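# Chains, contacts and geometry: an overview
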Amino acid sequence: LAAACSADISKHCAAVQPGGGRVLDCLERVARTRAHLAPQCAEQVLSQMAAELADPSTSFGLRRDCSVEVSLFCKAAAKGRGLHSWPAPLSNASAGNASDTSRGTLDCLRSHSRALGFRPACAARVASLTRTEMSDSRLMLLGG
């Protein structure tokens, strides 16, 4: 990503401190606004966005912003291996609702996003992924 997007990172994300998925978050925001990214960068960013939708465990932002919510609301879903499952490090807890297992973690987070204790950063991340999933036809072309 760094090689394919170096010019776009300098242009759009120069003030972003690297690490923890922050530069990718910035490039994804740029891509969502349909701003121009270099073709090779756009391909990389859209590919990553499609991968995050297919498997949220690849989303640094979702892991960073929603680890508490997964522990509180979606432990059973985190143990699932469905399309929207959570990575293994967070799936070793045994509590949670059995009904959550078939929905997957992202779907579980969506269903609890208005619950007491659901932090705004996680709600915003889940909403952003949902908007992208529902509205970005470019991701469909990549298999997302």
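What comes next is a walk through the structure. All values reported here derive from a predicted model rather than from experimental measurement.

### A word on the pattern of salt bridges
Evaluated as defined, the whole model comprises 6 salt bridges. Two residues, Asp25 and Arg64, come together in a salt bridge whose shortest N-O distance is 2.9 Å. Here the residue Asp25 occupies a position in helix α2 (residues 22-32), and Arg64 occupies one in helix α4 (residues 60-73), the gap between them amounting to 39 residues. Judged by its relative accessible area of 8%, Asp25 falls in the buried class. The exposure class assigned to Arg64 is partly exposed, which follows from its relative accessible area of 37%. Asp65 is the partner of Arg64 in a salt bridge, and the nearest nitrogen-oxygen pair spans 3.2 Å. Its relative accessible area of 12% is what places Asp65 among the buried residues. Taken together, the shared-partner salt bridges in this structure form one network comprising Asp25, Arg64, Asp65 and Arg125.

### Regarding helix α1 (residues 2-12)
All of the buried residues along α1 are Ala4, Cys5, Asp8 and Ile9. For α1, the angular spread of the buried residues around the axis is 110 degrees, confining them to a single face. Opposite the buried face of α1, at more than 90 degrees from it, the exposed residues are Ala2, Ala3, Ala7 and Ser10. Residues of α1 that are buried make contact with α2 and α3 (39-54).

### Describing the state of the cysteines
Tallied over the entire structure, the rule returns 4 disulfides. With its sulfur 2.1 Å from that of its partner, Cys74 forms a disulfide with Cys108. Judged by the sign of its S-S torsion, about -90 degrees, the cystine formed by Cys74 and Cys108 is left-handed. Placement of the pair is Cys74 in the loop between α4 and α5 (75-79) and Cys108 in helix α6 (residues 105-112), with a sequence separation of 34 residues. For the chain, the disulfide bridges join cysteines in the arrangement 1-4, 2-3, 5-8, 6-7, where the cysteines are counted in sequence order.

Conventions and cut-offs
- Residues numbered from 1 in each chain as written.
- Predicted model: local features only at pLDDT ≥ 70, side-chain atom pairs only at ≥ 80, totals over all residues.
- Heavy atoms only, no water.
- Salt bridge = Lys/Arg side-chain N within 4 Å of Asp/Glu carboxyl O.
- Helix = DSSP H or I, 4+ residues; strand = E, 2+ residues; numbered from the N terminus.
- Buried < 20%, exposed > 50% of the residue type's maximum accessible area, 1.4 Å probe, protein only.
- Arc of directions from axis to C-beta.
- Contact = heavy atoms within 4.5 Å.
- Disulfide = S-S within 2.5 Å.

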